[in-house]
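One letter stands for each residue in the lines below.
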Amino acid sequence: MDTLTERTPRVVSAVKLLRAAERRKTGLFLAEGSNSVTEAIASGVVDQLFFREDSAERNGVVLDLAATAGVRMFPITERAAKGLSDTVTPPGIVAVCRTIDVDLPTALGAAPRLVAVPVEVSEPGNAGTVIRVADAVGADSVVLLGDSVDPHNGKCVRASAGSLFHLPIARERSTEAGIAALRERGVTILATAADGEVDLDDADELLSSPTAWLFGNEAHGLSPAVSAAADHRVRIPIHGRAESLNLATAAAICLYASARAQRRSRRN
């Protein structure tokens, strides 16, 4: 098979997927690196796969999985690999995948127990990390509300470390509609807030019920209106001298607290 260059039409078309507008237009996105590509193949969403020839041995297991799944594979030059990546050091393997986000009713299902809800989150690395944490704790889904980052953004895909392909991801532009849908499912809606009336250390009884956590924008947090729409505002106690916690860290603490409380509740 001929090695494709950066000028090959197939590669040129794939490179365009680095742009959000092209992803929306085509319903495709890129996942790079052996971990993400492996999970994408397992999920059955890979349309085609490109690999740098000198990475074939290193990625042999992934390529074998792709071959078994009937995925079309194409060797590419180093310059083509650089063009397909938005990282400084391209991993040399990238898959073109069909977009994986679902509508809000599908993501929530009939009776979710734990949902992570980033609101107006603009930093793709944070969004990807929240998805990864939600997957790790066994959450039902992640719902991105408002003008949040595209979960198919390359940095978000990498930060999720494959978790993007493990649980339902939904986007809802209307924060009000998203919160209303959560409330219809009967979940308790919690908002993170530095001045919250509930201390996380004292919230086990509250957390043992079906819960959705609202996490705010990195710079401004949750708006007063969104925070007020929650059933409770919860503060994470800080016992040292740190002024605050970043979004991804706060999300990890809150989601793990909920997952632990729910497991204990089921055991009892």
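Residues numbered from 1 in each chain as written. Predicted model: local features only at pLDDT ≥ 70, side-chain atom pairs only at ≥ 80, totals over all residues. Heavy atoms only, no water.

Engineer: For this particular structure, what's the right way to read the environment of glutamate 53?
Structural biologist: Structurally, glutamate 53 is set in the loop between strand S2 (46-52) and helix H4 (60-68). Look at glutamate 53 and you get partly exposed, because its relative accessible area is 47%. Sequence spacing of glutamate 53 and alanine 81 is 28 residues, and the spatial spacing of their C-alpha atoms is 9.9 Å. Among the polar contacts made by the side chain of glutamate 53, one reaches the side chain of threonine 3 at a distance of 3.0 Å. (Helix = DSSP H or I, 4+ residues; strand = E, 2+ residues; numbered from the N terminus. Buried < 20%, exposed > 50% of the residue type's maximum accessible area, 1.4 Å probe, protein only. Polar contact = N/O pair within 3.5 Å; in protein donor to acceptor, adjacent residues only side chain to side chain.)

Engineer: What's the story with the UniProt feature "domain: RNA 2-O ribose methyltransferase substrate binding" (unreviewed entry) in the protein chain in this structure? I'm lost.
Structural biologist: If you check UniProt for "domain: RNA 2-O ribose methyltransferase substrate binding" (unreviewed entry), the listed places come out as residues 30-103 in our numbering. Within the segment residues 30-103, helix and strand shares are 34% and 28% respectively, and the terminal C-alpha atoms sit 21 Å apart. (UniProt positions renumbered as here; feature names shortened; annotations may be inferred.)

Engineer: Looking at this structure, I do not really get helix H7 (residues 124-137). What am I missing?
Structural biologist: Structural remark: α-helix, 3.6 residues per turn; residues separated by three or four positions point the same way. The first and last C-alpha atoms of H7 sit 20 Å apart over 14 residues, in line with the 20 Å expected at 1.5 Å per residue. Where burial is concerned, most of H7 is hidden: 10 out of the 14 residues are buried. Those residues of H7 lying buried are Pro124, Gly125, Asn126, Ala127, Gly128, Val130, Ile131, Val133, Ala134 and Val137. In this structure, the buried residues of H7 make contact with strand S5 (114-118), strand S6 (141-145), helix H8 (154-160), strand S7 (169-172) and helix H12 (247-267). (Expected span 1.5 Å × (residues − 1). Contact = heavy atoms within 4.5 Å.)

Engineer: Looking at this model, I keep getting lost on a positive patch on the surface. Mind explaining?
Structural biologist: Together, Arg260, Arg263, Arg266 and Arg267 make up a positively charged patch on the protein surface. The exposure class of arginine 266 is exposed, given its relative accessible area of 54%. (Patch = residues over 30% accessible without salt bridge, like charges linked within 9 Å, V, L, I, M, F, W, Y side chains within 5 Å. Areas by Shrake-Rupley, 256 points an atom, 1.4 Å probe, with all protein chains shown as cover. Salt bridge = Lys/Arg side-chain N within 4 Å of Asp/Glu carboxyl O. Lys, Arg positive; Asp, Glu negative; His and termini not counted. Charge placed at Lys NZ, Arg CZ, Asp CG, Glu CD.)

Engineer: Before we go on, may I ask you to explain the sheet that holds strand S1 (residues 28-32) in this structure?
Structural biologist: Strands belonging to one sheet form pairs held by backbone hydrogen bonds; the direction of such a pair is parallel or antiparallel. The four strands lie next to each other as S1-S4-S2-S3, forming an open sheet whose pairing is mixed. The sheet is open, and its two borders are formed by S1 and strand S3 (72-76), each paired with just one other strand. Averaged over neighbouring strand pairs, the angle between their axes works out to 20° when direction is ignored. As paired strands, S2 and strand S4 (residues 93-98) are joined by five bridges and run antiparallel to one another. (Pairing = 2+ DSSP bridges. Axes fitted to C-alpha atoms, helices over the stretch in contact; angles between N-to-C directions.)

Engineer: Would you take a moment to explain the environment of valine 187 for this structure?
Structural biologist: Within the secondary structure, valine 187 sits in the loop between helix H9 (175-184) and strand S8 (188-192). The exposure class assigned to valine 187 is buried, which follows from its relative accessible area of 5%. For the pair valine 187 and proline 210, spaced 23 residues apart in sequence, the C-alpha to C-alpha distance is 4.9 Å. Those residues in contact with valine 187 that sit more than four places away from it in its chain are Pro112, Leu182, Pro210, Thr211, Ala212 and Asp231.

Engineer: Can you help me understand the sheet that holds strand S9 (residues 198-199) in this one?
Structural biologist: Taking strand neighbours across the sheet as the criterion, the seven strands line up as S7-S6-S5-S10-S8-S11-S9 in an open arrangement whose pairing is parallel. The sheet is open, and its two borders are formed by S7 and S9, each paired with just one other strand. In the packing of H7 onto the sheet, the strands contacted are S5, S6 and S7, and the crossing angle to S5 comes to about 175°.

Engineer: Whenever I open this one, the pairing of S7 confuses me. Can you help?
Structural biologist: The side chains of a regular strand alternate between the sheet's two faces. Direction of pairing for S6 relative to S7: parallel, over a ladder of four bridges. Paired with leucine 144 across the strands is arginine 171, a residue of S7. Handedness of the crossover is the feature at issue here: the chain leaves S6, passes through H8, returns alongside S7, and the resulting connection is right-handed. (Right-handed = clockwise from strand over helix to strand, strands pointing away.)

Engineer: Help me understand the side chain of glutamine 262, please; the structure alone is not making it clear to me.
Structural biologist: Mapping glutamine 262 onto the fold places it in helix H12. With relative accessibility at 4%, the residue glutamine 262 sits in the buried group. Among the polar contacts listed, one links the side chain of glutamine 262 to the backbone oxygen of arginine 113, at a separation of 2.9 Å. Aside from chain neighbours lying at most four places away, what touches glutamine 262 is Arg113, Leu114, Leu207, Ser208, Ser209, Pro210 and Thr211.

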